[in-house]
Amino acid sequence: MKALAPSLPRPTFEGTPIDVRSPHREPYRGDGVPPPPLRVPEGTRLLSRGCAVTCNDSGAKKRDLALATDGNKQYSPSAYLELAPGVRWVQIDLGTNAAIHAVCLWRERPEQCVYRDTVVQVSDDPAFENGVVTLFNNDYDNSAQLGRGSDKEYFEDHFGRRIAGNGVRARYVRLTSNGNTSDPYNHYTEVEVYGQ
Ligand SMILES: [Ca+2]
Ligand SMILES: [Ca+2]
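Six octahedrally arranged donors around a metal ideally form angles of 90 or 180 degrees; four tetrahedrally arranged donors ideally form angles of 109.5 degrees. Donor atoms from the polypeptide that bind the calcium ion (ligand 2) are Asp117 (OD), Asp139 (OD), Asp141 (OD) and Ser143 (OG), placed at 2.2 to 2.4 Å. Mapped onto the sequence, the donors of the calcium ion (ligand 2) take the spacing D-x21-D-x1-D-x1-S. With a gap of 26 residues between them, Asp117 in the loop between strand S6 (88–106) and strand S7 (119–123) and Ser143 in the loop between strand S8 (133–137) and strand S9 (161–177) connect regions that are remote in the sequence. Of the residues examined, Ser143 reaches a relative accessible area of 39% and is grouped as partly exposed.

Written as structure tokens, this is what we have:
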């Protein structure tokens with residue numbers, strides 16, 4: 001096993017964190033404090049670069065969807081995918097069934113924010129009706145209707161979020177959210193799926 005070490009963008013948020021305490025939220029780790037390492041098997045590699053992205057916002061353009069897997073994790077006003085308000089998902093097609101060891105996401109913004117109802121699921125069914133495995137779910141009140149989650153909300157940062165895949169096999173990865181503490185929109189600067 002080894003610690004997953006994705007390349008990191010420069011920090012975007014620089015300022016005094018707003019410590020909005022909530023029993024459903026992780027405390028702010030502090031400026032520049034990395035998350036605990038996520039250990040993955042030797043041989044784990046990036047699977048998702050350039051993979052096709054779909055979503056449930058009919059207004060999203062194909063060009064913008066591609067921003068989620070283009071390898072650029074650096075925030076800029078033109079470098080992220082934005083989905084309309086409401087419960088929205090993006091879905092990555094790995095092209096083949098794979099053992100998934102980590103799903104990482106970057107959606108830091110200039111203002112500190114916490115996204116609502118973050119749910120990360122995998123399946124071999126592109127409709128996510130069968131064989132769905134949930135890797136992360138912080139929708140504590142089931143408002144997104146994907147089931148009640150016991151993970152915590154968290155402050156976005158340039159380290160991104162690293163979610164364990166535990167080697168579950170699947171072809172599709174779906175990430176759901178429902179706005180954030182700054183605005184009702186849903187954003188992805190980059191998503192990376194690691195596995196074998
Ligand atoms: Ca990107
Ligand atoms: Ca919720």
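Don't stop here, the text continues.
Below, the discussion takes up empty space enclosed by the protein. Overall, the coordinates contain one cavity of 30 Å³ or more when judged by the stated rule. What the largest cavity holds in volume is close to 40 Å³. Forming the walls of the largest cavity are Pro9, Arg10, Thr12, Lys73, Tyr75, Trp106, Arg107, Glu108, Asp157, His158 and Thr189. Residues belonging to the lining of the largest cavity are distributed by class as follows: three nonpolar, three polar and five charged.

Put simply, the largest pocket is a space of about 310 Å³. Lining the largest pocket are 22 residues, with Tyr28, Gly30, Gly32, Glu156 and Asp157 sitting closest to its centre. Residues that form the lining of the largest pocket fall into these classes: eight nonpolar, six polar and eight charged. Lining the second largest pocket are Glu26, Arg29, Pro35, Pro36, Pro37, Leu38, Phe136, Gly160, Arg161, Arg162 and Ile163.

Protein-derived ligands of the calcium ion (ligand 1) are Leu67 (O), Asp70 (OD), Asn72 (O), Thr189 (O) and Glu190 (OE), with the metal-ligand distances lying across 2.2 to 2.4 Å. Between the donor residues of the calcium ion (ligand 1), the gaps in sequence give the motif L-x2-D-x1-N-x116-T-E. Of the two residues, Asp70 is situated in the loop between helix H1 (62–65) and strand S5 (81–83) and Glu190 in strand S11 (residues 190–195); the sequence distance between them amounts to 120 residues. Judged by its relative accessible area of 0%, Glu190 falls in the buried class.

What follows is about the nonpolar core. Generally speaking, soluble globular proteins have nonpolar side chains that are buried together. Ranked by internal contacts, the top residues of the largest apolar core, which has 29 residues, are Val103, Val173, Leu175 and Tyr188. Of all elements in the fold, only strand S4 (52–55), S5, S6, S7, S8, S9 and S11 reach the threshold of two or more residues within this core. At seven residues, the largest contribution of residues to this core is made by S6.

This part is about the side chain of Asn180. With respect to the element layout, Asn180 can be found in the loop between S9 and strand S10 (186–188). By relative accessible area, Asn180 is classed as buried at 8%. Within the structure, the side chain of Asn180 is placed 2.7 Å from the backbone nitrogen of Ser182, a separation counted as a polar contact. Polar side-chain contacts of Asn180 include one of 3.2 Å to the backbone oxygen of Tyr185. In this structure, Asn180 is in contact with Cys113, Val114, Tyr115, Arg116, Tyr185 and His187, ignoring residues within four places of it in sequence.

Turning next to the pairing of S9. Counting buried positions along S9 yields 12 of 17 residues, so the element is predominantly enclosed. Direction of pairing for S6 relative to S9: antiparallel, over a ladder of 13 bridges. In the sheet register, Ala98 faces S9, and the bridge partner there is Ala170. Pairing of S7 with S9, which is carried by five bridges, proceeds in the antiparallel orientation. By the bridge assignment for S9, Val119 is matched with Thr176.

For the structure on display, the rule yields three aromatic pairs. Both rings, one in Tyr28 and one in Phe155, keep their centres 5.7 Å apart while their planes meet at 90 degrees; by these two values the pair is edge-to-face. Here the residue Tyr28 occupies a position in the loop between strand S1 (2–3) and strand S2 (39–40), and Phe155 occupies one in the loop between S8 and S9, the gap between them amounting to 127 residues. Aromatic pair Tyr75 and Tyr80: ring centres 5.7 Å apart, planes at 15 degrees, arrangement stacked. The burial state of Tyr75 is the same as that of Tyr80; both residues are buried. Above the plane of the ring of Phe155 lies Arg25, whose end atom (NZ or CZ) is 5.9 Å from the centre. Looking at Lys73, its charged tip hangs above the ring of Trp106, at a distance of 4.2 Å from the centre.

The rules behind each value
- Residues numbered from 1 in each chain as written.
- Chains lettered and ligands numbered in written order.
- Predicted model: local features only at pLDDT ≥ 70, side-chain atom pairs only at ≥ 80, totals over all residues.
- Heavy atoms only, no water.
- Donors = N, O, S within 2.8 Å, 3.2 Å for Na, K, Ca; no water.
- Helix = DSSP H or I, 4+ residues; strand = E, 2+ residues; numbered from the N terminus.
- Buried < 20%, exposed > 50% of the residue type's maximum accessible area, 1.4 Å probe, protein only.
- 1 Å grid on protein atoms, 1.4 Å probe; cavity = no way out; pocket = protein on both sides within 12 Å on 5 of 7 lines; lining within 4 Å.
- Points joined across faces, edges and corners; volume = space filled by probe spheres on them.
- Nonpolar A, V, L, I, M, F, W, Y, C, P; charged D, E, K, R; others polar.
- Core = buried A, V, L, I, M, F, W, Y, C linked by side-chain atoms within 4.5 Å.
- Polar contact = N/O pair within 3.5 Å; in protein donor to acceptor, adjacent residues only side chain to side chain.
- Contact = heavy atoms within 4.5 Å.
- Pairing = 2+ DSSP bridges.
- Phe/Tyr/Trp six-rings, centres within 6.5 Å; stacked < 30°, edge-to-face > 60°.
- Lys NZ or Arg CZ within 6 Å of the ring centre and 35° of its normal.

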